[in-house]
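Commentary on secondary and tertiary structure
As a plain string of letters, each chain reads:
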Amino acid sequence: MIRYRLFHNRSFSAFSLPLQGPSSTPSHIVQCNQKIQRLTELGRVADARHMFDSMSHRDSISWNSMITGYTQYGLLHEAQTLFNAFQRKNIRTWTILLSGYAKHGLVDDARFLFESMPERNVVSWNAMISGYVKNGHLKRARELFDQMPERSIASWNSMLTGYCHCGMMSEAREVFDQMEERNCVSWMAVVSGYVEISEYREAWNLFLMMLTSGMRPDQALFVVILSAATGLNEVGLVDCLRTVSTKMGYEGNVAVGTAVLNAYTRNGGLDHAVKFFETMPERNEYSWTTMIAALSQCGRLNDAISLYERAAEKGVATRTAMMTAYARNGRLCKARQIFDQIQNPNVVTWNAMVAGYAQNGMLEEAKAMFFRIPLRNAASWAAMISGFVQNGRSREALKLFAELHRSGTSINHSSFTSALFACANTGDVGIGRQIHSLTIKTSCQSNSFVGNGLISLYAKCKSVEDMSQDFVIMRARDYISRNSPITGISEYHMLQEAQKVFDEMPKRDVVSWTAIISAYEQAGQVAIAFQLFLEMLARGMKPNELTVTSLLSACGCLGARRLGEQIHVLIHKLGLNACLFMCNSLVTMYFRCGSLDGLCTFEEMPEKDLVTWNAVLAGCAQNGLGKEAIKIFERMQAAGVLPNEISFLGLLCACSHAGLVEIGWSYFNSMSQDYGITPLVHHYTCMVDLLGRAGRLNEAESLIENMLVVPDSAIWKALLGACRIHRDTKLGQRVAERLLKMEIQGSGTYVLLSNMYASQGMWEKVQEIRKSMKNNGVTKEPAISWVQIKNKVHYFRIGDKRHNEFEEINSKLHDLYRNFKATGYVPDTNFVLHDVEEEQKQDELLYHSEKLAVVYGIMHTPSGSPIQILKNLRICGDCHSFMKFISKIGQHKIIIRDGNRFHHFQDGYCSCGDYW
């Protein structure tokens, strides 16, 4: 910290040379003071000092003006030296230097001056408080504010503005409510503060309160309140403000008029905006650019072109707007033509061209343009970095960000946000943490976009142990099935960091809420995700499409169909039911919940895209609707929609689950022959699974050996699973040896091989496998089943006696067992994996987790009501038979989602046709 000594008795003559200067009349001194002030305002500080030195007599205004000039340009040493030489310092002299130190971040030096003042007035107090506020030291500002012997309205406004700028609106409102007197600055601070944190309704209510109090809003406040009306998305409020502005004489004000125009365009009232534009008595260049941009953003490019041609004077801003409109619509040649016509493009124009190329995937052209920019600003770097991230080149984005940091150019919020998303994409949490530290150093961490980037970074960057390839056997887990949050796969999501960032954000918008909700949903902590959603609603924040999509994904993850139906109702209330990707999410959610309402939603959709068709194909596959999937695919072809890799993945999976071997082969061959799509390893895995289930093990092995892509562990596991079903120990052992070399830590291979040996009574081999697992530190994932009853989820493990109703469950289970045996049910003890007596084997089968869950469901569900069970592992054959008997005798429809697919049991039959 700098500490300058304060010299109170320094000789005045040191700065007062005996010159034969002009007269020292009062009028001459006033003229010289005015010249000093003008010269410093123009940045000519040396000339101002020359004028100061030439004066034979100076008054306090002379000294204060010169000290002000020095502080204005950061010449604090010169200011301090002059201050020390001035013998007749007044309160204003002290306050000027104090303000200079505070302005340039030296608040401790400013406070030292403040404490050294022989006397102070309210202006001095206000200057010190303002210094603290501008440097972000609000706590110290408030402490000083509370010590003030008297306060002016400026004192209150300083504290109010400080709180508002930091988004601390509860503190700001407390100060505002305590003010006995308010001026336009007070109202402006608090209204704009609420607008900044997207509390538009509160801003609007305060504006109405202001009008009621008789305070007349100025032009700047009108512009701000129009932003609030924009945020509320109510065109009627804009109409209302137009009326008020007319009454107050702002109708012809071009700034207010352009703000009205902007509010109409942002509220979706484009027709209102066009009418208003045509009636504006005066338009500036921003009015023209606003309308051109709005028309192009709404897809009305031809109207934007017509308007552009009408503009009498096409300045750089107008041309840039039209250039951006062409680029947004993919017409880069036209955009470049306009760019080349601009003789002296400014940096905004250069940036628009860079962004246009980047948005259209033309990164090489964007880079070439970026490096041609004569003088890049923060937005130039942001456009290029964002372009890399949007086009999947995150590592290049991070390299450019590092270059930006080294260049010394200030980093804006957009660059920080893009860099954080790049780290999230690459999983590089180390670099992400460094960028997080940099946002704190530059005071950018409180920005909502940066905060959202931080939440996404910490939510996505995870350390995953044994990312089990069993998922791929489930046919591309991301597209067809999402496993439960307790599958045993260890995902460490950095939710604590994400939550901390969220909690510290002074301004939270819908994007912030959506990011944190999505983070918890992705981490499987669905209950917290829904709690946050309810809190979001309670705070009056309106969810958007992405928020609701995260919730639908959570419902699908839990298999919570009823909750999903409630979200479906909310979608209608929010007016989002016409949104295509929202409907796609609904289709996916219903299928993941084992509900065929996914098909109903699909049929009701007025518009369908490739994602829609793929979602239905995947849903049919997961729910065992093989023939329906084929019909859907045929309809898709008839509609002229070209399938992609994901389409065929769902189709092949459906064929596998339905045992449609020849049809599956036909579609597999059609991929390359008819559509030019090269099969990926996932498609081969589906085919191996299809052949293996049909008992064509040699064909399956041959397909793997001759496939055009490198086989992974998942495809060998599919073959090993088939060996277990068809009891081909010789091939199974050979496949298992391959797998163990590929992934020593995975338990799936050991378990499959052990089960295969156990089913054939090869208990010595079973013991060898278990010993090998123990030696290698491999543990088997425990089977868990759960059922939701009255909004509460009940979990069961094999032989679980911890449930508080276990005695009742046990009694009911034995009753059902006896009844089923009397009607022909025979326990299949081949699924008992221990070398014990037959009777003991039957007892073991009795307490499988899905049996306990379904019995509990029967006990607490009305007769005839469906029961849905979720299980993390594949259902065994005996439990499968048991469920068929329950559905027939107990008159219950049973839906089980296991680690592989859905099984719909009804009237003694399963949707899989006993082919799973």
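The shown structure was predicted, so the numbers you read here are calculated from the model rather than taken from an experiment.

1. A closer look at the overall build of the protein
- When helices and strands are tallied, the protein shows 50 helices and eight strands.
- Each of the 916 residues in the protein was classed as buried or not, and the buried ones make up 52%.
- Relative to all contacts within the protein whose residues are 6 or more apart in sequence, the contacts with residues 24 or more apart total 64%.
- Carbon and sulfur atoms make up 50% of the accessible area of the protein, which totals about 41800 Å².

2. So, unusual backbone geometry
- The phi dihedral of aspartate 907 is positive, around 55°, even though this residue is not glycine.
- Tracing the backbone shows aspartate 907 in the loop between strand S7 (902–906) and strand S8 (909–910).

3. Things to note about the packing of helix H24 (residues 394–407) against helix H25 (residues 413–426)
- Packing of H24 against H25 leaves a shortest axis separation of 9 Å and a crossing angle of 140°. Judged by the inter-axis angle, H24 sits oblique to H25. For the element pair H24 and H25, the recorded crossing hand is left-handed. Contacts between H24 and H25 involve Ser394, Arg395, Ala397, Leu398, Phe401 and Leu404 on the former and, on the latter, Ser415, Phe416, Ala419, Ala422, Cys423, Asn425 and Thr426.
- Partitioned by chemical class, the residues of the contact of H24 with H25 number eight nonpolar, four polar and one charged.

4. Section: the packing of aromatic side chains
- With the rule as written, the count across this model stands at 20 aromatic pairs.
- Note on phenylalanine 83 and tryptophan 94: the rings are 5.0 Å apart at their centroids and 85° apart in plane angle, and the pair reads as edge-to-face. Of the two residues, phenylalanine 83 is situated in helix H4 (residues 76–85) and tryptophan 94 in helix H5 (residues 91–103); the sequence distance between them amounts to 11 residues.
- Residue classification places tryptophan 94 among the buried positions, given a relative accessible area of 4%.
- Look at tryptophan 665 and phenylalanine 668: their rings are 6.0 Å apart centre to centre, the planes differ by 80°, and that puts the pair in the edge-to-face class. Here tryptophan 665 and its partner phenylalanine 668 are both found in helix H40 (residues 661–675), three residues apart, which amounts to about one turn of the helix. You'll find tryptophan 665 and phenylalanine 668 in the same group, each marked buried.
- An aromatic cluster is defined as three or more aromatic residues linked by ring pairs; in this entry it consists of Phe633, Phe648, Tyr667 and Tyr675.
- Taking NZ or CZ as reference, lysine 608 lies 5.0 Å from the ring centre of phenylalanine 602, over its face.
- The ring of phenylalanine 882 is capped by lysine 851, whose NZ or CZ atom sits 5.4 Å from the centre of that ring.

5. Thoughts on the pairing of strand S5 (residues 867–871)
- Taking burial as the measure, the five residues of S5 include five buried ones, the bulk of the element.
- Alternating residues of S5 divide into Ile867, Ile869 and Lys871 and Gln868 and Leu870, and every residue in both groups is buried.
- Note: strand S3 (residues 784–789) against S5, three bridges, orientation antiparallel. If you follow valine 787 over to S5, its bridge partner there is isoleucine 869.

6. With respect to the environment of methionine 169
- Mapped onto the fold, methionine 169 is located in helix H10 (residues 169–178).
- Discounting chain neighbours no more than four positions away, the residues touching methionine 169 are Cys164, Val190, Gly193, Tyr194 and Ile197.

7. Observations concerning the pattern of salt bridges
- By the definition in use, this model includes 21 salt bridges.
- Between arginine 336 and aspartate 340 there is a salt bridge; the shortest N-O distance is 3.1 Å. Taken together, the residues arginine 336 and aspartate 340, both in helix H20 (residues 332–341) and four residues apart, mark about one turn of the helix.
- One salt bridge connects arginine 561 with glutamate 565, and the closest N-O pair in it is separated by 2.8 Å. Remark: glutamate 565 and arginine 561 occur in helix H34 (residues 561–573); sequence separation between them is four residues, near one turn of the helix.
- Each of Glu364, Lys367, Arg393 and Glu396 takes part in a single network of salt bridges with overlapping partners.

8. Points about the sheet that holds S3
- In spatial order, the strands read S4-S3-S5-S6-S7-S8; together these six strands make up an open sheet with mixed pairing. In this open sheet, the two edge strands, each paired with only one partner strand, are strand S4 (792–797) and S8.

9. Structural notes on helix H37 (residues 610–622)
- An ideal rise of 1.5 Å per residue puts 18 Å on 13 residues; H37 measures up with 18 Å between its terminal C-alpha atoms.
- Counting buried residues in H37 gives 11 out of 13 residues, a clear majority hidden from the surface.
- All of the buried residues in H37 are Thr612, Trp613, Asn614, Ala615, Val616, Leu617, Ala618, Gly619, Cys620, Ala621 and Gln622.
- For H37, the N-terminal cap is aspartate 609; the gap from its side-chain oxygen to the backbone nitrogen of valine 611 is 3.2 Å.
- Looking one or two places after H37, you find glycine 624, whose phi comes out positive at around 75°.

10. Quick word on the packing of helix H7 (residues 122–134) against helix H8 (residues 138–147)
- Axis separation between H7 and H8 bottoms out at 8 Å; the angle between their running directions is 160°. Taken together, the axis directions place H7 and H8 in an arrangement best described as roughly antiparallel. When the axes of H7 and H8 are compared, the crossing they make is left-handed. Between H7 and H8, the residues in contact are Trp125, Met128, Ile129, Tyr132 and Val133 and Leu138, Arg140, Ala141, Leu144, Phe145 and Gln147, respectively.
- Residues belonging to the contact of H7 with H8 are distributed by class as follows: nine nonpolar, one polar and one charged.

11. Quick look at the nonpolar core
- The biggest cluster of nonpolar side chains holds 182 residues, and the ones touching the most others in it are Met322, Phe401 and Ile455.
- Apart from residues no more than four positions distant in its own chain, phenylalanine 401 is found in contact with Ile385, Ile411, Ser415, Phe416, Ala419, Ile435 and Leu438.

12. Remarks on the state of the cysteines
- In the structure shown here, the tally under the stated rule is zero disulfides.
- The cysteine cysteine 555 is free of any disulfide, with cysteine 593 supplying the nearest cysteine sulfur at 6.5 Å.

13. Notes on the confidence of the model for the protein
- Taken over all residues, the pLDDT of the protein has a mean of 79, while the share at 70 or more is 87%.
- Here residues 1–23 is modelled with pLDDT under 50, and outside its nearest four sequence neighbours on either side it reaches 48 contacts, counting other chains as well.
- Note on residues 462–493: pLDDT under 50 across the span, and 88 contacts to partners over four residues away in sequence or across chains.

14. Let's talk about the environment of tyrosine 308
- Along the polypeptide, tyrosine 308 turns up in helix H18 (residues 301–310).
- Here the alpha-carbon distance between tyrosine 308 and alanine 321, two residues 13 residues apart in the chain, equals 9.0 Å.

15. Considering helix H39 (residues 645–658)
- Here H39 contains 14 residues, and its C-alpha end-to-end distance of 20 Å stays within 8% of the 20 Å for a straight helix at 1.5 Å per residue.
- Most of H39 is tucked away, with 11 of its 14 residues classed as buried.
- Of the positions making up H39, those classed as buried are Ser647, Phe648, Leu649, Gly650, Leu651, Leu652, Cys653, Ala654, Cys655, Ser656 and His657.
- The N-terminus of H39 is capped by asparagine 644, whose side-chain oxygen sits 3.1 Å from the backbone nitrogen of isoleucine 646.

16. Looking at the environment of methionine 541
- Following the sequence through the fold, methionine 541 ends up in the loop between helix H32 (526–538) and helix H33 (545–558).
- A relative accessible area of 14% means that methionine 541 is categorised as buried.
- Each C-alpha atom of the pair methionine 541 and glutamate 199 lies 8.4 Å from the other, and the pair is 342 residues apart in sequence.
- If sequence neighbours within four positions are ignored, methionine 541 has contacts with Arg508, Asp509, Val510, Trp513 and Met536.

17. A look at the pairing of strand S6 (residues 894–897)
- Neither face of S6 is left uncovered, since the one carrying Ile894 and Ile896 and the one carrying Ile895 and Arg897 both have all their residues buried.
- Pairing analysis gives four bridges linking S5 to S6, with the strands arranged parallel. From the neighbouring strand, isoleucine 869 faces S6, where its bridge partner is isoleucine 896.
- Read from S5 through helix H50 (residues 877–889) to S6, the crossover connection turns out right-handed.
- Bridging between S6 and S7 involves four bridges; their strand directions are antiparallel. Bridging from a neighbouring strand, arginine 897 pairs with phenylalanine 902 of S7.
- Hairpin connection from S6 to S7: four residues lie between these consecutive antiparallel strands.

The rules behind these values
- Residues numbered from 1 in each chain as written.
- Predicted model: local features only at pLDDT ≥ 70, side-chain atom pairs only at ≥ 80, totals over all residues.
- Heavy atoms only, no water.
- Helix = DSSP H or I, 4+ residues; strand = E, 2+ residues; numbered from the N terminus.
- Buried < 20%, exposed > 50% of the residue type's maximum accessible area, 1.4 Å probe, protein only.
- Contact = heavy atoms within 4.5 Å.
- Areas by Shrake-Rupley, 256 points an atom, 1.4 Å probe, with all protein chains shown as cover.
- Axes fitted to C-alpha atoms, helices over the stretch in contact; angles between N-to-C directions.
- Parallel < 35°, antiparallel > 145°, perpendicular 65-115°, else oblique.
- Left-handed = near helix turned anticlockwise from the far one by under 90°.
- Nonpolar A, V, L, I, M, F, W, Y, C, P; charged D, E, K, R; others polar.
- Phe/Tyr/Trp six-rings, centres within 6.5 Å; stacked < 30°, edge-to-face > 60°.
- Lys NZ or Arg CZ within 6 Å of the ring centre and 35° of its normal.
- Pairing = 2+ DSSP bridges.
- Salt bridge = Lys/Arg side-chain N within 4 Å of Asp/Glu carboxyl O.
- Expected span 1.5 Å × (residues − 1).
- Polar contact = N/O pair within 3.5 Å; in protein donor to acceptor, adjacent residues only side chain to side chain.
- Core = buried A, V, L, I, M, F, W, Y, C linked by side-chain atoms within 4.5 Å.
- Disulfide = S-S within 2.5 Å.
- pLDDT = per-residue confidence, 0-100.
- Right-handed = clockwise from strand over helix to strand, strands pointing away.

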